[in-house]
Structures are given as C-alpha cells and as structure tokens.
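Spelled out, the chains give:
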Amino acid sequence: MDNDIEKIIPFASGMQPETLTYLKNNISKAVVAPGNDILHPGDAVNGVYLVKSGSIRVYYIDPEGREGTLYWIEPGESCILALNSLFSEMPYPAWAAADTQGAEFLTLSGAVFRELFARDQAVQRFLFEQLSGRVFSLLSSLEQTMRLPQEDRLILLLLARSDETGVVCLSQERLARDLGTLREVVSRLLRNLAVQNLISLAPKRITILDKDRLKALIRATEAD
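Just so you know, these numbers come straight off a predicted model, no measurement behind them.

Cut-offs used in this document
Residues numbered from 1 in each chain as written. Predicted model: local features only at pLDDT ≥ 70, side-chain atom pairs only at ≥ 80, totals over all residues. Heavy atoms only, no water. Helix = DSSP H or I, 4+ residues; strand = E, 2+ residues; numbered from the N terminus. Buried < 20%, exposed > 50% of the residue type's maximum accessible area, 1.4 Å probe, protein only. Axes fitted to C-alpha atoms, helices over the stretch in contact; angles between N-to-C directions. Parallel < 35°, antiparallel > 145°, perpendicular 65-115°, else oblique. Contact = heavy atoms within 4.5 Å. Nonpolar A, V, L, I, M, F, W, Y, C, P; charged D, E, K, R; others polar.

Colleague: Sorry, what's going on with the environment of Asp 212 here?
Modeller: Structurally, the position occupied by Asp 212 is in helix 9 (residues 211-223). Judged by relative accessible area, which is 58%, Asp 212 ranks as exposed. In the structure, Asp 212 is positioned 88 residues away from Gln 124 in sequence and 40 Å away in space, judged by C-alpha atoms.

Colleague: What is the right way to read the packing of helix 3 (residues 80-88) against helix 4 (residues 110-119) from this model?
Modeller: Describing two packed helices takes the angle between their axes plus the distance from one axis to the other. Running from amino to carboxyl end, helix 3 crosses helix 4 at an angle of 90°, the nearest separation of the two axes being 11 Å. What the angle tells us is that helix 3 and helix 4 run roughly perpendicular. Contacts from Leu 83, Leu 86 and Phe 87 of helix 3 reach helix 4 at Gly 110, Phe 113, Arg 114 and Phe 117. Its residues assigned to classes, the contact of helix 3 with helix 4 comprises five nonpolar, one polar and one charged.

Colleague: Any chance you could explain the side chain of Glu 104 here in plain terms?
Modeller: Mapped onto the secondary structure, Glu 104 falls in strand 5 (residues 95-109). When its relative accessible area of 17% is taken as the criterion, Glu 104 is described as buried. Non-local contacts of Glu 104, meaning those with residues more than four positions away in its chain, are made with Lys 29, Ala 30, Val 31, Val 51, Lys 52 and Ser 53.

Keep in mind that these numbers describe shape and distance, not what the molecule does.
Right under this line is the structure:
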C-alpha cells in the first residue's frame, strides 16, 4: 500500500518526508460491505476515515423514522462530521454507512491524525478544504430542500448519482430514503418523468434518456 499512498490520500504528496513516513507507518485499511453502518449517533470517534474506493453515505433519521442523506464521502475525501467529533471530543451526530457498492477506506487513529495535523501544513490544508467544501454543499442542499419542489430535488439526485451512461442503480425505496420522503411520492414523480420520455424505469435501475431536458426543467424552476 505504501507505493499507492500518494495516489489514495490527496494531501500525502504535499507532506514533509518525515510526516509522510509517520503516516505510512500508522495507517490501516478497512472494507465494509454495502449498507453496513460504520458510525451511529452517539458514537465516540477515535479515528479518521479516508475513502479509497466506493463511498460512504452520511444520513439522518427524522422523528417519523424517515431517512435523509446529508452527503456522500467519495474517494479522496473524509467525513467532516467525524473529524469535528474527533477534535471536539463530541459524540458523532449522524449515521454513516457503506453505500451501494460498499466502501474501502484507510484509517488513522485520532492520536496519529492530531500529531500529523500539528506537524504538517498539508494535513492542515486538507482539513480546512474538507470543512469549507462540506459546509458549502450542506448549505446548498438545505437551500434546495427549502426552495425546490420535490420533483426538482429528485432530478438533481438522479443527475448526481448517474454513471457515465446515465444509469442510476438505485431502488425507489433508496431514492426516497436519500430525499427524506415516502416511496409512493418518488414512484409518482418517476412515473411523471417517464411519461415525458425523460427517463426509463426498470427494477432498481433508472436510465436518463434526456439529460439536457432534465437540466432545463431545473433551470426553469430557478428562473421562476
């Protein structure tokens, strides 16, 4: 893993030789199967997670038992809520689980990461970049929730989670969980998009047929 460490961890290439060696000597790897939880509300965070492949979904559960996705942690990223809990010694405030493809990530103990943070500016820059980027994305998500109708939020989710061929391999139940709404609502909205020949539907598979028209619907709403 040493030979690939600078490809996996975005800040490694900018580290000082001695702190990079310290990192390599104190890092470990973990693999979590799809859907398995990694952190729960109230957990004490005793390490840092750096995603190598797959993704981690960070989500909440409202008082009525419905889930809503806060954000995904993609390769090269870390969980800012976990980093905040680590430095503030506060309990983790959400759920974090391996997403649909599972997750492989590298871990550093809290003591090791604090030492690296104190000694190396590259680690400090990484932390602040993760913080600023995640705060911006959370504020954007909150704005969308307050301002956009559910159909537009669903379109944005489909566009964000589709692969290069326009396919989204998620069930309607899972889409509802990500949006914090009911499956019946998502099913109705998807049928409406399918009637317009914007998407096609199959079990646990949605294919975007006209990405430009979907984006135009979002722009039209924002212009109103």
